[in-house]
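Coordinate inspection notes
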Amino acid sequence: MGFAELSITSNFTFLTGGSHPEEYARRAALLGLETIAIADENSVAGIVRAWSELKEIKRQIAERQAADKDPIGPPKPAHLLDPPRVPIYHLPRLLPAARLVLREGLMLTALPRDRRGWANLCRMLSAGRLRTGKGSCDLGLPDLWQFADGLELLLHGPTHILTHPRGAGDWWAQAKQVTRRLGPACHLLMAPAYDGHDRLRFDRLTRLAGQLGIPTVASAAPIMHHGARRRLTDVLTCIRLGIRVEDLGTKAQANAEQRLRGEGEIRRIFTGFEDAVDRTTEIAARCRFDIGSLRYEYPSEISGGETASQRLERLARAGLKWRYPSGAPDRAVKMLEHELRLIAKLGYEPYFLTVHDIVAFARSRGILCQGRGSAANSITCYCLGVTSVSPEVGTMVFERFVSEARDEPPDIDVDFEHERREEVIQHIYERYGRHRAGLCATVIHYRGKRAVREVGRAMGLSEDILGALSSQIWGWGSSRDMADTRMRELGLDPTEPRLRQTMALVREIQGFPRHLSQHVGGFIVTEGRLDELVPIENATMEDRTVICWDKDDIDALGILKVDILALGMLTCIRKAFDLIERHHQTDYTLATLPPEDPAVYDMLCKADSLGVFQVESRAQMNFLPRMRPRCFYDLVIQVAIIRPGPIQGDMVHPFIRRRNGEEQVSFPSDELGAVLGKTLGVPLFQEQAMQIAIIGAGFTPDQADRLRRSLATFKKHGNVSDFRTLFMKGMRERGYDEEFAARCFSQIEGFGSYGFPESHAASFALLVYASSWIKRHHPGIFACALLNSQPMGFYAPAQIVRDAREHGVQIRPVDINKSYWDNVMEPDGRGGLALRLGFRQIRSMREEDARWLAAARGNGYPAVEDVWRRAGLSARALAVLAEADAFAGIGLSRREALWAAKALLPAEPLPLFTGDMDGEAIEEPEVHLPEMTEGEQVVEDYVSMRLTLRSHPVALIRHLLSPGLGPLPDPAAHGNQRLGSASRTAQAE
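Within each chain, residue numbers correspond to sequence positions counted from 1 in written order. Residues qualify for local features only when their pLDDT is at least 70, as the model is predicted, and side-chain atom pairs are given and counted only at 80 or more; totals for whole chains, interfaces and linings, by contrast, use all residues. Hydrogens and waters are ignored; side-chain quantities use all the structure's heavy atoms.

**A few points about the state of the cysteines**
- A pair of cysteine sulfur atoms is labelled a disulfide when the two atoms are within 2.5 Å. With the rule as written, the count across this model stands at zero disulfides.
- Of all cysteine sulfurs in the structure, the one in Cys 784 sits closest to Cys 572, which takes part in no disulfide; the separation is 9.4 Å.
- Using a relative accessible area of 1% as the deciding quantity, one classes Cys 572 as buried. Relative accessibility under 20% of the residue-type maximum defines a buried residue, over 50% an exposed one, and the middle range a partly exposed one, all with a 1.4 Å probe and only protein chains included.

See below:
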């Protein structure tokens, strides 16, 4: 009659299960099982992984069946088939399930019979997780009564059945409640313990089931797909319990028997209880729900009597007039009509409207935002204001974003100011409700240092050894010989048994999920209840709720999401625009900045890009003078070329040689010439890599799509290298050079670590241009906005300030009577603007104190004591200000101000000194404090503010570096002399 394994524990029961859901799926196919159910503890997080793997197995079976059908000749030998044969005997069916652990002590495996049962299971898990903290679930019998409709329930028998044949009192009483209220849906689960007493255990459980009036059902209750995972399972237990392997005791796996088993093995184990085995397929037959049948309903977004289609068309055509005030070109009009037809055909209008409404809300609050990635392929997004990048840039096409052939949902990413993104997130929650909106999860996997440290501690390695190993983990690569070599360099013996076993377990645990975190911004919103589609739980951050599936899971199920991302440069640009409007009465947006300014490109050609978005790293600065960008598309290439893909594929130098005329521009074929024309025959973008695979290697659209998916950013289980043989074979068959093919695939592998499509590069290039334009024409405002947006970027405030002074910006120090919390621009007395440093630059200064200080300032503070009395600042806050030399503007040196601040301690005068002594007041003589040297001042500036406006530190030791030469002049004593000139003079001399 077959066998269905209905209670599998995967590694999504974190630090307990010893195998991936995908491994269970493939192993079940090899064992020929009828049905499997992944049932993790109070979770359905791993189910989509198993479902996707079974879908992939089905595709492989179809490919092999197609390969066997040769109308011309006999079937090919197995070793000639591509991909190679894998023995798969049966494609099992997957049942979604969860193992419910109740606060009363009962444990039940719940399997939904239908869509209603799935909805109830999700709502039950949501209720349990939302009433407690992240990672926990608080379920009880009342939840079971409320949400049991549509569920098959497998009641786990008591673990003490051998010592208490009828079951302990608590378990028995609760089990009777469950069977009395939910009897027809209940079964008693019997699982072996492999301790030599299983027959007695099954006999007593059968009698217990009879007393409860419910049938029994058999299960191996596997926690690993194969017995080889026994040791790793013990290590996971150690990590969970915080103990060492030596201390596991009875908590260790006694043997490797608790694994997934085929029907033959199960029937041998349950000899005499075959009816419990047969009953598994009966239950599976009643459970008709398939996770792939979930139908996701996006919010309708109907408004004001308009349908979603009518509203989208109206907004898009209005946006076309806004984007092209002088009249849209014919190409743009045709592109919009084509996109609107395709969007309507696929029913994606509500999705675009949701993104439009979110962006409109942000703009209504003055929050700068910019669509990135594939949205730049869409003129609809351009007209809706989602992106400021015209899709006419480069070779971008809408089908890269939305394709009828691929039948995939679109994915729009929108960046918001990093300081104000939370406003947008809370707006989404408020608009749709927490029962309809939630963030995606991100699965945190074991990688590198974490794997070494946690496995090493469980294995009893010392902290010194763990520190040495984890410090070198990134240099080992995938070669075991390389790892052994590095360990010997650290003074460790890789052949030592415990160390060798530890490193084997570290390699085995790589990619295991450890816990769930929240996605950086992927939002799921639904028309109905989200908690009937997938369980919702609390995130660590307050007022955040997340679902238990990650980006790959929802992509597999075709669920739409909107990425609400944070970008520090948008905060900087918005603050710069505000300052430009305030001081120059010009209102700029990303779309209205003067385009293609030659002065901006001149600045970038000189690598004068400190603080500029994306091109401020040393690698980008070194490349800018070689690239010499002169137009916007050059910036698109500049952003994309210094990436792992092009670098690993050795595409950078050929591109530069061709750009500089040192090498002839040629194309491997006319077909690839159409793909590589804009990049001079050198593939630089992800889209080009895909087209090379299709045109050059003969990939089918399905194969190319799977290759594209394997290029996902930071893919945890990337399999891009699996396509290498097929790719190289296809390129050879079509006459392409072997070296060119290898370089192309090497680039594709680079994308496996970090993929960068052309549309993404175009979105970022717009921010490169915007930040460059502000830096070139308003360097003081750019530095001010950059300082006010910290922390962000590569450079410390001291470097930003030094760079601003080199660009002629006058920098003024923090002043108790002139500074505010933020850095500000103020008249410099010569018709220009100077940058006044704000209190935010002072370490340990609280924003609340700074705002009170500014609010109570009035006509100014003449003394330290006035700040204390009028602003109500603590003596500690006054000392912080004094150490930053903020009282220099009222004639107090750093030491004098600090002395005055210390005199205010304690806050209340001591009783001994409150009155006269013998009728005479105590007068303390004036203290003359020694003046600080220039070196002391510079040191204190860095200690208190991490920057100085005095001498460059190198200037103070120049006479030691160059004997016979005196100290360099103080730039502060020569007006607005550039701070960096001192160090350059020293270098020149």
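**Brief notes about the side chain of Glu 306**
- Elements are defined by DSSP. Helices are runs of H or I of four residues or more, strands are runs of E of two residues or more, and each kind is numbered from the N terminus. Within the secondary structure, Glu 306 is located in the loop between helix H9 (274–286) and helix H10 (308–323).
- In protein, a polar contact requires one atom able to donate a hydrogen and another able to accept it; more generally it is a pair of N or O atoms within 3.5 Å, and residues adjacent in sequence count only if both atoms are side-chain atoms. Of the polar contacts made by the side chain of Glu 306, one reaches the side chain of Arg 314; its length is 2.9 Å.
- The contact rule is simple, with two residues in contact once any of their heavy atoms fall within 4.5 Å. When near neighbours in sequence (up to four residues on either side) are disregarded, Glu 306 contacts Arg 311 and Arg 314.

**As for the packing of helix H20 (residues 568–584) against helix H32 (residues 779–788)**
- Between the N-to-C directions of two axes lies an angle of 0 to 180 degrees, each axis being a line fitted to C-alpha atoms and, for a helix, fitted only over the stretch in contact. Direction vectors running N to C along H20 and H32 enclose 135 degrees, while the axes themselves pass 8 Å from each other. Regarding the angle of H20 to H32, the classification is oblique. At the point where H20 passes H32, the crossing takes the right-handed sense. Contacts between H20 and H32 involve Met 569, Cys 572, Lys 575, Ala 576, Leu 579, Ile 580 and His 584 from the former and Ile 781, Phe 782, Cys 784, Ala 785, Leu 786 and Asn 788 from the latter.
- Amino acids outside the nonpolar list (Ala, Val, Leu, Ile, Met, Phe, Trp, Tyr, Cys, Pro) and the charged list (Asp, Glu, Lys, Arg) are all regarded as polar, and Gly is one of them. Its residues assigned to classes, the contact of H20 with H32 comprises 10 nonpolar, two polar and one charged. Should an angle fall under 35 degrees it is called roughly parallel, over 145 degrees roughly antiparallel, and 65 to 115 degrees roughly perpendicular, with every other angle called oblique. The handedness criterion is simple: a crossing whose near helix is rotated anticlockwise from the far helix by less than a right angle is left-handed, and one whose near helix is rotated clockwise is right-handed.

**Some details on a nonpolar patch on the surface**
- Think of a patch as exposed residues, more than 30% relative accessible area, with no salt bridge, where like charges cluster within 9 Å and nonpolar side chains (Val, Leu, Ile, Met, Phe, Trp, Tyr) cluster within 5 Å. Only the protein chains shown count as cover for residues, and all accessible areas are computed by the Shrake-Rupley method using a 1.4 Å probe. Criterion for a salt bridge: a side-chain nitrogen of Lys or Arg within 4 Å of a carboxyl oxygen of Asp or Glu. On the surface, Val 954, Ile 957, Leu 960 and Leu 961 cluster together into a nonpolar patch covering about 370 Å² of accessible area.
- Structurally, Leu 960 is set in helix H40 (residues 958–961).

**Quick notes on the packing of aromatic side chains**
- Note on ring pairs: Phe, Tyr and Trp rings are taken, using the six-membered ring of Trp, and paired if centres are within 6.5 Å. Classes follow the plane angle, with under 30 degrees stacked, over 60 edge-to-face and the rest tilted. Summed over all chains, the structure comprises 14 aromatic pairs.
- Note on Trp 118 and Trp 549: the rings are 6.3 Å apart at their centroids and 15 degrees apart in plane angle, and the pair reads as stacked. Placement of the pair is Trp 118 in helix H3 (residues 115–130) and Trp 549 in strand E13 (residues 545–550), with a sequence separation of 431 residues. In terms of burial, Trp 118 and Trp 549 fall into one category: buried.

**Things to note about the sheet that holds strand E11 (residues 513–525)**
- In space, the seven strands of this open sheet follow the order E8-E9-E14-E11-E10-E13-E12, with mixed pairing throughout. Each end of this open sheet is capped by a strand with a single partner; those strands are strand E8 (369–372) and strand E12 (536–538). The sheet shows a mean angle of 45 degrees between the axes of neighbouring strands, taken without regard to direction.
- Between any two strands, at least two bridges found by DSSP are needed for them to pair. By the bridge criterion, six bridges tie strand E9 (residues 412–417) to strand E14 (residues 562–567) in an arrangement that is parallel.

**Side note on the pairing of E13**
- Among the six residues in E13, six count as buried, and that is most of the element.
- Where strand E10 (residues 437–445) lies against E13, two bridges are found, and the strand directions are parallel. Looking across to E13, one finds that Ala 441 is bridged to Asp 550.
- Between the end of E12 and the start of E13, which pair antiparallel, lie six residues, with Asp 543 showing a positive phi angle near 65 degrees.

**Points about the sheet that holds strand E3 (residues 93–101)**
- Spatially, seven strands are ordered E1-E2-E3-E4-E5-E6-E7 in an open sheet, and the strand pairing comes out mixed. In the strand order of this sheet, the two ends are held by strand E1 (4–8) and strand E7 (216–218), each with one partner. Direction aside, neighbouring strands of the sheet carry axes that sit 30 degrees apart on average.
- Of the strand pairs in this sheet, strand E6 (residues 186–190) and E7 are connected by three bridges, and their pairing is parallel. Across the sheet, the residue bridging to Met 190 is Ala 218, located in E7.

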